[in-house]
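Here is how the chains run, residue by residue.
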Amino acid sequence: MAGLLLTGLRPALADAVMVAVAANFTIPMQAIATEFDKDTGHQARLAFGSTGKFYAQIRNGAPFQMFLSADDETPARLEREGMTAAGTRFTYAVGTLVLWSAQPRFVDARGEVLGKGSFGKLAIANAKLAPYGRAASETLNALGLLDALSPRFVQGENIAQTFQYVQTGNAELGFVALSQVMKDGRIGAGSAWIVPASLHAPIRQDAVILKSGQGNAAARALAQYLKGDKARAIIRSFGYEQ
Amino acid sequence: MGFSDADLAAIWLTLRLATVTTVLLLVIGTPLAWWLARTRSWLKGPVGAVVALPLVLPPTVLGFYLLVTLGPNGPVGQLTQALGLGLLPFTFWGLVVASVLYSMPFVVQPLQNAFEAIGERMLEAAATLRAAPLDAFFSVAVPLARPGFVTASILGFAHTVGEFGVVLMIGGNIPNETRVVSVQIYDHVEALEYTQAHSLSAAMLVFSFLVLLALYTFNPTRRKA
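On a predicted model such as this, the values are computed, not experimentally measured, just so you know.

## Description of the pairing of strand 12 (residues 203-209) of chain A
Residue and element names in this part refer to chain A.
In step 1: Of all seven residues making up strand 12, six are buried, and the element is well covered by its neighbours.
In step 2: Here three bridges tie strand 3 (residues 66-68) to strand 12, and the two strands are oriented antiparallel to one another. Within strand 12, the position partnered with F67 by the bridge is V208.
In step 3: Pairing of strand 4 (residues 90-95) with strand 12 involves five bridges; the strand directions are antiparallel. Counterpart to T91 in the pairing with strand 12 is D206.

Structure representation (structure tokens):
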């Protein structure tokens, strides 16, 4: 009882919010959270992990007030299941898919290397689990290459692992996130083809305030902050659209 | 409780992987355990420590180093390519190599304990009866160490079945090649297919329990007199 009262009386000015963040958004979110803490006096505490695991944890009472998902389906599903604060779901970033190789000049500017097939393994994120994997599979389908190339797939469970396969050279090339190969606003190493957005459905990453964060001032402030100019500039600098 | 074709393929692959791994481990692990049990060399400590490393290392560490070492720029990767074997990651035999390393202590340590328990006198007796060392090994040491072999085989097999982190790192999730049961369960959970995840997980749980039950029922540790 006393605890409840104390929580209720705490000034809304400085609140803490526990945020579950999709692993692919780790670095941008750390930068945003630092600015957010400085600018608002609130505190964003971040936990990083896979979207599927966070879903299971949230359904089983995990102490998160806000969820930044790697897709748009999982937040929508939580909303349908009544696990979120009504009307708080929004898209905070849109991912860009690239075909990337760690070797220079391996991938040409129009991705024609795919049709030539002069490679052994093509790394792709699991299309069932990872939004970038689904976008990659849609892209290959649009190019008419899905059936021809699927025997050469090596699948990462998520986009981070897929990147690792390509970076270590175990796969000559692979579909990864632009945010993984961007360095200081440009492609850092190797060679890449930025896949035109017209070849796949948008890779939307949605955020939502969870039911337990309904009255949390920091959660509301963070949602606002993510839509603001400062956060958007950070998000863009890491290779996401908005 | 039904299994899809993909689930059955994963189960079959896992059993094949565990069988091949266990056989190889018995072949490699027996002389190694024998040496560890009898040597007075200063190398005993370092070799024993290396064998035991997988017990304490997170599987991701082992998997990550294997990915780098077996990859095209790694020393082992360059060797396998030079020998015309291609690259090991993302192949069944890559998983075999990883599993042999990963399950090594579960086979070597029970064997080593069993060999150490035999003691010098039994082997000296065999020598006085003019048994050559190799003969003494097969006709005296191996039968006496039988419980150790049973434990080593069961633990090596079961531990390979339960392997996850290493496979995840170097497997690439290829059906019939590297998608083992634990990875299949992980996929089901991540895709929120909880019913399928339950079936496979329950099967894994029952299997593991039965294996350990068999181990403790039929192969009790020797009681002190």
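From this point, the discussion proceeds with the structure in view.
## A few points about unusual backbone geometry
Outside of glycine, negative phi angles account for most residues, and trans bonds account for most peptide bonds.
All names here are of chain B.
In step 1: Even without a glycine there, the phi angle at N176 is positive, about 65°.
In step 2: Inspection of the secondary structure assignment puts N176 in the loop between helix 9 (165-170) and helix 10 (181-190).
In step 3: Even without being glycine, L192 reaches a positive phi, approximately 60°.
In step 4: Along the chain, L192 falls in the loop between helix 10 and helix 11 (194-218).

## Comments concerning the domain arrangement of chain A
Residues and elements named next belong to chain A.
In step 1: Under the domain assignment used here, chain A contains domain 1 (2-94 + 202-237) and domain 2 (97-194).
In step 2: Taken together, the contact pairs eight residues of domain 1 with eight residues of domain 2.
In step 3: Of the roughly 580 Å² buried where domain 1 meets domain 2, counting both sides, 61% is carbon and sulfur surface.
In step 4: Among the ionic pairs, R134 bridges to E73, the shortest N-O distance being 3.2 Å.
In step 5: At the boundary of domain 1 with domain 2, the tally comes to one residue pair in polar contact (both at pLDDT 80 or more).
In step 6: At the level of elements, strand 12 and helix 11 (229-237) are the ones that each hand at least two residues to the side of domain 1 that touches domain 2.
In step 7: Considered class by class, the residues forming the side of domain 1 that touches domain 2 number two nonpolar, three polar and three charged.

## Focus on the interface of chain A and chain B
Reports of interface size often rely on the accessible area that becomes lost once the parts have come together.
In step 1: Taken together, the 21 residues of chain A in the interface contact 26 residues of chain B.
In step 2: Overall, the association of chain A and chain B removes approximately 1,900 Å² of surface from exposure, summing both partners, and the carbon and sulfur fraction of that is 55%.
In step 3: The interface formed by chain A and chain B contains two salt bridges.
In step 4: Between E190 of chain B and K53 of chain A there is a salt bridge, with the nearest N and O atoms lying 3.7 Å from each other.
In step 5: Inspection of the chain A/chain B interface yields 12 residue pairs in polar contact (both at pLDDT 80 or more).
In step 6: When contributions to the side of chain A that touches chain B are tallied by element, the ones reaching two or more residues are helix 3 (51-59), strand 7 (153-156) and helix 8 (159-167) of chain A.

## Let's talk about helix 4 (residues 73-80) of chain A
All names here are of chain A.
In step 1: Among the residues of helix 4, T74, P75, A76 and L78 are the ones counted as buried.
In step 2: Where helix 4 is buried, its residues contact helix 3, strand 3 and strand 12.
In step 3: Note on helix 4: the residue one or two positions beyond its end, G82, has a positive phi of about 75°.

## Re the sheet that holds strand 1 (residues 16-22) of chain A
Residues and elements named next belong to chain A.
In step 1: In spatial order, the strands read 2-1-3-12-4; together these five strands make up an open sheet with mixed pairing. Of all the strands in the sheet, just strand 2 (43-49) and strand 4 have a single pairing partner and so form its edges. When the angles between neighbouring strand axes are averaged without regard to direction, this sheet yields 20°.

## Description of the sheet that holds strand 6 (residues 122-125) of chain A
Residues and elements named next belong to chain A.
In step 1: Taken together, the five strands give an open sheet; going across it, the order is 7-6-8-5-11, and neighbouring strands pair in mixed fashion. The open sheet has two edge strands, strand 7 and strand 11 (191-194), and neither has a second partner. The sheet shows a mean angle of 30° between the axes of neighbouring strands, taken without regard to direction.
In step 2: One ladder, built from four bridges, connects strand 5 (residues 97-101) with strand 11; its direction is antiparallel. By the bridge assignment, S101 is partnered in strand 11 with S191.

## Regarding helix 2 (residues 44-56) of chain B
In an α-helix, one turn spans 3.6 residues; hence positions three or four apart end up facing the same way.
All names here are of chain B.
In step 1: The end-to-end C-alpha separation of helix 2 is 19 Å, in line with the 18 Å expected for 13 residues at 1.5 Å each.
In step 2: At V50, helix 2 is deflected by roughly 35°, the largest bend along its length, and proline P54 occurs up to four residues later in sequence.
In step 3: Those residues of helix 2 that fall on the buried side of the exposure criterion are V51, A52 and P54.
In step 4: Taken together, the buried residues of helix 2 touch helix 1 (5-38) and helix 5 (92-118).

## Notes on empty space enclosed by the protein
In step 1: Overall, the coordinates contain one cavity of 30 Å³ or more when judged by the stated rule.
In step 2: Lining of the largest cavity is provided by Q155, G156, E157, Q161 and Y165 of chain A together with V167, L168, G171, G172, N173 and V183 of chain B.
In step 3: Elements supplying a minimum of two residues to the lining of the largest cavity: strand 7 and helix 8 of chain A together with helix 9 of chain B.
In step 4: Of the residues contributing to the lining of the largest cavity, the split by class is four nonpolar, six polar and one charged.

## What about the layout of surface pockets?
Residue and element names in this part refer to chain A.
In step 1: Roughly 1,100 Å³ of volume is contained in the largest pocket.
In step 2: Lining the largest pocket are 45 residues, and of these A23, S50, E157, N158 and I159 sit closest to its centre.
In step 3: Among the residues making up the lining of the largest pocket, the classes are represented as 22 nonpolar, 14 polar and nine charged.
In step 4: Residue-level mapping places the lining of the largest pocket at the junction of two domains, with at least three residues from each of domain 1 (2-94 + 202-237) and domain 2 (97-194).

## A word on the packing of helix 8 (residues 146-161) of chain B against helix 11 of chain B
Residues and elements named next belong to chain B.
In step 1: In contact at an axis separation of 10 Å, helix 8 and helix 11 are set at 170° when each is read in the N-to-C sense. When the axis of helix 8 is compared with that of helix 11, the two are roughly antiparallel. Contact residues: T151, I154, L155, F157, A158 and V161 in helix 8; M204, F207, V211, L212 and L215 in helix 11.
In step 2: In terms of residue class, the contact of helix 8 with helix 11 is built from 10 nonpolar, one polar and no charged.

## Considering the packing of aromatic side chains
In step 1: Applying the stated criterion across every chain yields a total of 16 aromatic pairs over all chains.
In step 2: Both rings, one in Y165 of chain A and one in F90 of chain B, keep their centres 4.7 Å apart while their planes meet at 80°; by these two values the pair is edge-to-face. Remark: F90 of chain B occurs in the loop between helix 4 (75-82) and helix 5 and Y165 of chain A occurs in helix 8; the pair is interchain, linking two chains. Each member of the pair, Y165 of chain A as well as F90 of chain B, is classed as buried.
In step 3: Aromatic pair W34 of chain B and F115 of chain B: ring centres 5.0 Å apart, planes at 90°, arrangement edge-to-face.

The rules behind the values
- Residues numbered from 1 in each chain as written.
- Chains lettered and ligands numbered in written order.
- Predicted model: local features only at pLDDT ≥ 70, side-chain atom pairs only at ≥ 80, totals over all residues.
- Heavy atoms only, no water.
- Buried < 20%, exposed > 50% of the residue type's maximum accessible area, 1.4 Å probe, protein only.
- Helix = DSSP H or I, 4+ residues; strand = E, 2+ residues; numbered from the N terminus.
- Pairing = 2+ DSSP bridges.
- Domains from an automatic or database assignment.
- Contact = heavy atoms within 4.5 Å.
- Buried area = accessible area lost by both parts, 1.4 Å probe.
- Salt bridge = Lys/Arg side-chain N within 4 Å of Asp/Glu carboxyl O.
- Polar contact = N/O pair within 3.5 Å; in protein donor to acceptor, adjacent residues only side chain to side chain.
- Nonpolar A, V, L, I, M, F, W, Y, C, P; charged D, E, K, R; others polar.
- Axes fitted to C-alpha atoms, helices over the stretch in contact; angles between N-to-C directions.
- Expected span 1.5 Å × (residues − 1).
- Bend = angle between axes of the 7 residues up to and from the residue.
- 1 Å grid on protein atoms, 1.4 Å probe; cavity = no way out; pocket = protein on both sides within 12 Å on 5 of 7 lines; lining within 4 Å.
- Points joined across faces, edges and corners; volume = space filled by probe spheres on them.
- Parallel < 35°, antiparallel > 145°, perpendicular 65-115°, else oblique.
- Phe/Tyr/Trp six-rings, centres within 6.5 Å; stacked < 30°, edge-to-face > 60°.

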